[in-house]
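So you can see what is in the structure, the chains are spelled out below.
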Amino acid sequence: MPGGLMALLDDVSVIARAAAASIDDVSVAAGKAGTKAAGVVIDDAAVTPGYVTGLSPARELPIIWNITKGSLRNKLLILLPGALLLSWLLPQAIIFLLMLGGCYLSYEGAEKVLEKFGEPKHGQTLQDPIEDLAEFEKDRINGAIRTDMILSAEIMAISLNEIATISDSFWVRAAALAAVGIAITFAVYGAVALIVKMDDVGLHLAERNNGLAKRVGRMLLHAMPRLLVALSAIGTVAMLWVGGGIILHGLEEIGLHAPAEWAHGVQHAVEQATGALSGVLGWASYAGISALFGLVLGGVIVFVLHHVLKLGAHAEAH
């Protein structure tokens, strides 16, 4: 009996060490993957506030929560199993799906830019008469979840690519992808909730008797409109930057190296010429070229869809 008990305890300790090692693998993989997906996360956080601004303040947090739930469904019920199956059955298809998502992001970003220069708006906006507010809100949520699907697909694909370099275990990959998806979702939409409620916090502080609280509250109230304008611009640029960058990388992966090599050549030239700021300015130059590439590609898609095929009328507001 004592020998059997010791053998059992030894087996338990081996299992525990294996489990601890797996958990460590998952945490390392999730951390590395989350870092690599940072650019898409910025895009997601910048784009989303536009879907709730202009509506009743009482509906802002419920709308964000509905988008959050939709984002979790996208990541955990659709994209996670899809990414794992594709990586197992048809890994060659992942790059083409990424490029399709890049085209969509480029189209969305270019459409917003062109609307600023007189292109007719597509879909109902807050400036139009809204006959059914509940339906309008539902359309906005669905539009945000559709955009989130593309951004989440990029996050999961980037994460899977990073995780694959760390572990070959199916379960480690699945757990790490789930951890990245959940953490990024709550980080993004938690930040969005704080942003859209900043004016309410500012109003509450401005009405207090404390002098410091009043000053902080007024500062928040004055900053909020500028922040929303800045986020709208950042979101549009980020769509073009991420979309164009995905296409450049995808072309390189399928054998068309010239566009990406030229962009990297510009990046290296900037890095060599800028000394201490080489890292930041080199990255900015490549991101700028990616955004311009996305704008041109997206503009072509907008023209074909809106003016040739007469398609592309969005349900979401701009």
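Here, every reference points to the structure presented above.
What comes next concerns the included structure. A quick note: this is a predicted structure, and the numbers were derived from the prediction, not measured.

What to know about the nonpolar core
Moving on, step 1. Core analysis: the biggest nonpolar cluster contains 20 residues, and Leu98, Met99, Leu105, Trp241 and Val242 have the highest contact counts within it.
Moving on, step 2. Leu105 has contacts with Ile150, Leu151, Glu154, Met239, Val242 and Gly243, leaving out every residue within four places of it along the chain.
Moving on, step 3. Among the nonpolar cores identified, the runner-up in size contains 14 residues, and Ile64, Ala144, Val188 and Val196 belong to it.

Regarding the side chain of Asn74
Moving on, step 1. Positionally, Asn74 belongs in helix H3 (residues 57-89).
Moving on, step 2. On the basis of relative accessible area, Asn74 is assigned to the buried category, the value being 6%.

Comments concerning the packing of aromatic side chains
Moving on, step 1. All chains considered together, the criterion is met by two aromatic pairs.
Moving on, step 2. Consider the rings of Tyr104 and Tyr107, whose centres lie 6.4 Å apart with planes at 55°: the pair is tilted. Taken together, the residues Tyr104 and Tyr107, both in helix H4 (residues 93-116) and three residues apart, mark about one turn of the helix.
Moving on, step 3. Classification of Tyr104 as partly exposed rests on a relative accessible area of 23%.
Moving on, step 4. Seen in terms of ring centroids, Trp241 and Trp283 are 5.4 Å apart; in terms of plane orientation they differ by 85°. Their pairing is edge-to-face. Placement of Trp241 in helix H8 (residues 211-253) and of Trp283 in helix H10 (residues 278-308) is noted, with a sequence separation of 42 residues between them.
Moving on, step 5. In this structure Trp241 comes out as buried when scored by relative accessible area, which is 18%.
Moving on, step 6. Note on Trp283: relative accessible area 48%, which makes it partly exposed.

What about the environment of Asp200?
Moving on, step 1. Counting through the fold element by element, Asp200 comes out in helix H7 (residues 198-206).
Moving on, step 2. A relative accessible area of 28% means that Asp200 is categorised as partly exposed.
Moving on, step 3. Along the sequence, Asp200 and Leu220 sit 20 residues apart, while their C-alpha atoms lie 9.1 Å from each other.

Let's talk about a nonpolar patch on the surface
Moving on, step 1. A cluster of nonpolar side chains, namely Val296, Val300, Phe303, Val304, Val308, Leu309 and Leu311, defines an oily patch on the protein surface of about 640 Å² accessible area.
Moving on, step 2. Relative to the helices and strands, Leu309 resides in the segment after H10.

Analysis parameters
Residues numbered from 1 in each chain as written. Predicted model: local features only at pLDDT ≥ 70, side-chain atom pairs only at ≥ 80, totals over all residues. Heavy atoms only, no water. Core = buried A, V, L, I, M, F, W, Y, C linked by side-chain atoms within 4.5 Å. Buried < 20%, exposed > 50% of the residue type's maximum accessible area, 1.4 Å probe, protein only. Contact = heavy atoms within 4.5 Å. Helix = DSSP H or I, 4+ residues; strand = E, 2+ residues; numbered from the N terminus. Phe/Tyr/Trp six-rings, centres within 6.5 Å; stacked < 30°, edge-to-face > 60°. Patch = residues over 30% accessible without salt bridge, like charges linked within 9 Å, V, L, I, M, F, W, Y side chains within 5 Å. Areas by Shrake-Rupley, 256 points an atom, 1.4 Å probe, with all protein chains shown as cover. Salt bridge = Lys/Arg side-chain N within 4 Å of Asp/Glu carboxyl O.

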